[in-house]
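# Results of the structural survey
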Amino acid sequence: MAGTTPPRLPGDRYNTGELRRIGRLTQTWSGWDTRLERTVILHVLRPELHSDEQLAHRLASRLREASRIDHPGVARIYDVIGEGVVGVVCEHTDPEDLRRRVASSGVVSPSLAIDLATRLAVSIDSLHSSGMTHGALTLSSASFTDDDRLV
């Protein structure tokens, strides 16, 4: 992921840190909220997709809808960015996503596997109940918050 340029965010509220992941539609960056003085995660539309105005509009609309969801298994959305760069500012999560955590622990016990799958299923059910879908659920898109919630 070297050589990827951090997004140019409007204003000076958010400082962009390290690139954490490149997904199908978005890049995920660590960041710092200068106003509230806290670490955040920035999910922004990939630069090569900015010219697709329809996609950018649809994504911005979905992010605003997602910001209304209040569930412990869904990452809290603090802000939606929509001026020049479409993205969302979320609560900080551990850089070690679910895929890495499972891989580093070696063999996963059946009870842990059931617990993790149940937590993810409850979170996805919450999204679906609100009329939303995740769109890209993978072990790499699930991670742990600072208080060890799986989101």
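For the structure itself, look to the data block above.
On a predicted model such as this, the values are computed, not experimentally measured, just so you know.

## A few points about helix H1 (residues 53–66)
If you check H1, its first and last C-alpha atoms are 20 Å apart, about what 14 residues at 1.5 Å a residue would give, namely 20 Å. Tucked inside the fold, the buried residues of H1 contact strand E2 (26–33), strand E3 (38–45), strand E4 (77–81) and strand E5 (87–91).

## What about the pairing of E3?
Where E2 lies against E3, 8 bridges are found, and the strand directions are antiparallel. When the bridges of E3 are listed, Gln-27 appears paired with Val-44. Bridge analysis of E3 against E5 gives 5 bridges, and the strand direction is antiparallel. The residue bridging Leu-42 from the neighbouring strand is Val-89, located in E5.

## Topic: the side chain of Asp-97
On the secondary structure map, Asp-97 appears in the loop between E5 and helix H2 (98–104). Summary of buried charges: Asp-97 has no salt-bridge partner, and the nearest side chain of opposite charge, Arg-100, is 4.2 Å away. Here Arg-100 takes part through its backbone nitrogen, which lies 2.9 Å from a polar atom of the side chain of Asp-97. Not counting chain neighbours up to four residues away, the residues in contact with Asp-97 comprise Leu-139, Ser-140, Ala-142 and Ser-143.

## Here we look at the environment of Gly-11
One can find Gly-11 in the segment before strand E1 (14–22). Accessibility expressed as a relative area gives 69% for Gly-11, which makes it exposed. Considered as a pair, Gly-11 and Glu-83 are 72 residues apart in the sequence and their alpha carbons are 9.6 Å apart.

## Considering the pairing of E2
Burial within E2 is extensive, with 7 of its 8 residues counted as buried. Of the pairings in the sheet, the one linking E1 to E2 comprises 6 bridges and is antiparallel in character. Counterpart to Ile-22 in the pairing with E2 is Gln-27. Here E1 hands over to E2 after 3 residues, the two strands then running antiparallel side by side.

Rules of the game
Residues numbered from 1 in each chain as written. Predicted model: local features only at pLDDT ≥ 70, side-chain atom pairs only at ≥ 80, totals over all residues. Heavy atoms only, no water. Helix = DSSP H or I, 4+ residues; strand = E, 2+ residues; numbered from the N terminus. Expected span 1.5 Å × (residues − 1). Contact = heavy atoms within 4.5 Å. Pairing = 2+ DSSP bridges. Buried < 20%, exposed > 50% of the residue type's maximum accessible area, 1.4 Å probe, protein only. Lys, Arg positive; Asp, Glu negative; His and termini not counted. Salt bridge = Lys/Arg side-chain N within 4 Å of Asp/Glu carboxyl O. Polar contact = N/O pair within 3.5 Å; in protein donor to acceptor, adjacent residues only side chain to side chain.

Taken by themselves, the reported measurements are silent on function.
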